[in-house]
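# Observations on chain architecture
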Amino acid sequence: MKARILLHGLIVVALFTSQSAAHACAVCLNGAGGARLTDAFNWSVIFLMAMPYTILFSVVGFFVYSYRRAARKARAAAESAPPLELAWIHKESGR
């Protein structure tokens, strides 16, 4: 049983290390496509990986901006409001 698992493992390793498997990889096309193709592929991968983070940080940034703006408006409204003055009416107080 162990020998069979070892044999299957060796076959898988041999398939992954063969030349034909290496040329099937898009990153391994350096010799066939040239440096410009490889650079273009690398930049496209970077943009595809960065896009979800860009969208996420944009949404989070919008909510942070909205929260801070609302807090600033509330603070400004509280500071500009006149203090509450109580009116003392002698007739109604009974004194």
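See above for the structure.
The structure presented is a predicted model; accordingly, all values stated were derived computationally and were not measured. (Residues numbered from 1 in each chain as written. Predicted model: local features only at pLDDT ≥ 70, side-chain atom pairs only at ≥ 80, totals over all residues. Heavy atoms only, no water.)

### So, the overall build of the protein chain
Put simply, the rule reads: We count a stretch as a helix when DSSP gives it H or I for four or more residues in a row; a strand needs E for two or more, and each element gets its number in order from the N terminus. The rule is simple: take the accessible area with a 1.4 Å probe, protein chains only, and divide by the maximum for that residue type; under 20% is buried, over 50% is exposed, in between is partly exposed. Only the protein chains shown count as cover for residues, and the accessible areas themselves come from Shrake-Rupley with a 1.4 Å probe.
Broken down by element type, the protein chain carries five helices and zero strands. Beginning at the N terminus, the succession of helices and strands in the protein chain can be written as α-α-α-α-α. Counting only residues that meet the buried cut, the protein chain has 1% of its 95 residues in that class. Accessible surface, the protein chain as shown: approximately 9,200 Å² in total, 70% of it carbon and sulfur.

### What about helix 1 (residues 2-16)?
Note the threshold: Working rule for helices: expected span equals 1.5 Å times residues minus one.
The terminal C-alpha atoms of helix 1, which comprises 15 residues, lie 21 Å apart, in line with the 21 Å expected from a rise of 1.5 Å per residue. The element helix 1 is largely exposed, with a buried count of zero among its 15 residues.

### A short note on a nonpolar patch on the surface
Condition: Residues enter patches when their relative accessible area tops 30% and they take part in no salt bridge; the joining distance is 9 Å for like charges and 5 Å for the nonpolar side chains Val, Leu, Ile, Met, Phe, Trp and Tyr. A carboxyl oxygen of Asp or Glu within 4 Å of a side-chain nitrogen of Lys or Arg is what we treat as a salt bridge.
Among the surface-exposed residues, M51, I55, V59, F62 and F63 lie close enough to one another that they form a single nonpolar patch of about 520 Å² accessible area. By the element assignment, F63 lies in helix 4 (residues 35-80). Relative accessible area serves as the criterion here: at 55%, F63 is assigned to the exposed category.

### A look at helix 4
Keep this limit in mind: The angle between axes fitted to the seven-residue stretch ending at a residue and the seven-residue stretch beginning at it gives the bend at that residue.
Taking 1.5 Å per residue, 46 residues should reach 68 Å; helix 4 reaches 64 Å between its end C-alpha atoms and fits that length. By the largest-angle criterion, A50 marks the main kink of helix 4, which is about 30 degrees, and a proline, P52, follows within four residues.

### A look at the packing of aromatic side chains
Under the convention used in this document: Centres within 6.5 Å are what make two rings of Phe, Tyr or Trp a pair, Trp counting through its six-membered ring; a difference in plane orientation under 30 degrees is then read as stacked, over 60 as edge-to-face, and the rest as tilted.
Enumeration according to the criterion identifies two aromatic pairs in this entry. Between W43 and F47, the aromatic rings sit 6.0 Å apart at their centres with planes inclined by 35 degrees, giving tilted as the arrangement. Taken together, the positions of W43 and F47, both in helix 4 and four residues apart, correspond to about one turn of that helix. F47 shares its class with W43; the two are exposed.

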